[in-house]
Amino acid sequence: MSLANPAAHLRGHVLALAALAVAAPVTALAQAPAPTPPPPIFARDEKDFEGLTSLALGSGARAFGMGGAFLARADDATAASWNPAGLSYLRRPELSVVAARNASARGPAGDFPDDTFEGYTPDFMAAAYPIEFGAVSGAAQVSYQRVFSFGGERLILETAPSRVFTSSTEGGFDLIAVGTGLRVSRSIRLGATVNRWFRGYSQRKFRSFVPRGRQATWQDIEYSLQGWNVNLGVIWSPVESLNLGVVGKTPFTGDVALRRDRRDDFSGTLDPLGVTENEYTVDDVRLDFPGALGLGASWRPRSALTLSADYTRTFWSDGRIRNFFVLQPTEPGKDPPVPVPYPALPYPTLDDFEDGRPRQFDTAQFRFGVEYVVLGARVKVPLRAGVFTDRQYFADADGQPPVFVGFSLGTGLILGPVLFDVAYVREQNTYLDPDGAAGRGTSVTSVFQRVFVSLIYRHGS
């Protein structure tokens, strides 16, 4: 083959090689996977759920006086929150109301505590009425329950760097339940409730810093929730003194509207000219609430003595929040930054995924309780006690969920149609915090305390 123009031919080869040299890294860059974004880091005051997951079990001072071992013994107006099959025991119209106090303290084991919370909340209200269809008897009920209460005051103190966090919160995740429990045979009781989740909470936060560009931050948060789920329950009595119970609570995805307003003081003197603001609202946040499954047994060897044991597992490893966002500070003289929502985060830990799996676990509770009723001429006095273990949803520094141990005490007064009950619940554990110094974990102690007060009125004879 002859070359009419060797110079032109050589120049063509050089240009082709140069084009390949430029195209090769571009192609490699296009084929390379996108860099993984750094995991989100959230301040401690963004995590308001610690100690609350076990509250999804149910309500009532009588039940919690027995350590929450009530799935097979639910036979009063709070049964809808534990096992709706227990509504079948109601033989008279009932009105009930429950209130609660929640408190927690957390901090380094040698300098305890540095994170405290205290709040009061309405917990449960219900109206029930007995029904009968031939050989089938039971009761229908409408009830209100504050399943998760965020209401209260929280204080977080940090020393390195020196910061103070305070928050004041009102509200919680509430539901209205309509349900029934029926005795369908001599030994089988069935129940179900349809639950409408609603409300949410409003929160005002304040953070103070060592003067370092910013001195203070204020945030106002409005968080509303809507959703539906169902509770299903069965109680089987193979013999008159023994009950075996099963309850299931279906998962659901709630619609959330989230509004945040943030102000930052860059002046160090609270000069209005040095305070910047950022505000953002979305209504497409989605919250995946987990389902739960519980098993229980209750034995009544004598009419005045009841022994109960339960196991409940809530599938919090499936909990997710989608399109969640936080606000960044607005620098003086600049436009407010638009937040970038997170497509999906484990909820409630808000921790990032590790190897494609969330660092979040199913919770599990083993509970044992006893009730003994002292019978008087006109007054009955129940005495209750319980013990339980409570596996948490978050991981410690060893990558395992800490298991809290707790106890409860309760008593009351039964005077004719009026039942008054109180209960005290306490649980705690010391574990290695994964956010400790140098990543090795710091030993922290967490204590959760609750007080429940219940009043039930049973009409008629």
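Relevant structure appears above.
These numbers were taken from a predicted model, which means no experiment stands behind them.

(A) Quick peek at the overall build of the chain. Per the secondary structure count, the chain includes 3 helices and 21 strands. The buried share of the chain, taken over its 461 residues, is 46%. The contacts of the chain with a sequence gap of at least 6 include a subset with a gap of at least 24, amounting to 66%. Per element, the accessible surface of the chain, about 22200 Å² overall, is 62% carbon and sulfur.

(B) Broad picture of the pattern of salt bridges. Per the stated rule, a full pass over the model turns up 21 salt bridges. Ionic pairing is found between D220 and R263, a salt bridge with its closest N-O pair at 3.5 Å. Highlighted residues: D220 in strand 7 (residues 214-239) and R263 in strand 9 (residues 252-265), separated in sequence by 43 residues. Overall, D220 belongs to the buried group, its relative accessible area being 13%. By relative accessible area, R263 is classed as partly exposed at 25%. Taken together, the salt bridges that share partners define one network made up of R62, R73, D75, D76, E371, R384 and D421.

(C) Just the pairing of strand 3 (residues 136-149), in detail. Taking burial as the measure, the 14 residues of strand 3 include 11 buried ones, the bulk of the element. Taken together, the 10 bridges between strand 2 (residues 115-133) and strand 3 define a ladder with antiparallel strand orientation. Among the inter-strand pairings, F133 is bridged to a residue of strand 3, identified as V136. Between the antiparallel neighbours strand 2 and strand 3 lie 2 residues, among them G134 with a positive phi of about 60 degrees. With 12 bridges connecting them, strand 3 and strand 5 (residues 162-183) associate as antiparallel partners. The residue of strand 5 that forms the bridge with V142 is V178.

(D) Representation of the side chain of R458 in the model. By the element assignment, R458 lies in strand 21 (residues 442-458). There is a polar contact of 2.7 Å between the side chain of R458 and the side chain of E94. Not counting the four nearest positions on each side in its chain, R458 is found in contact with D75, D76, R92, P93, E94, P417 and L419.

Cut-off values and rules
Residues numbered from 1 in each chain as written. Predicted model: local features only at pLDDT ≥ 70, side-chain atom pairs only at ≥ 80, totals over all residues. Heavy atoms only, no water. Helix = DSSP H or I, 4+ residues; strand = E, 2+ residues; numbered from the N terminus. Buried < 20%, exposed > 50% of the residue type's maximum accessible area, 1.4 Å probe, protein only. Contact = heavy atoms within 4.5 Å. Areas by Shrake-Rupley, 256 points an atom, 1.4 Å probe, with all protein chains shown as cover. Salt bridge = Lys/Arg side-chain N within 4 Å of Asp/Glu carboxyl O. Pairing = 2+ DSSP bridges. Polar contact = N/O pair within 3.5 Å; in protein donor to acceptor, adjacent residues only side chain to side chain.

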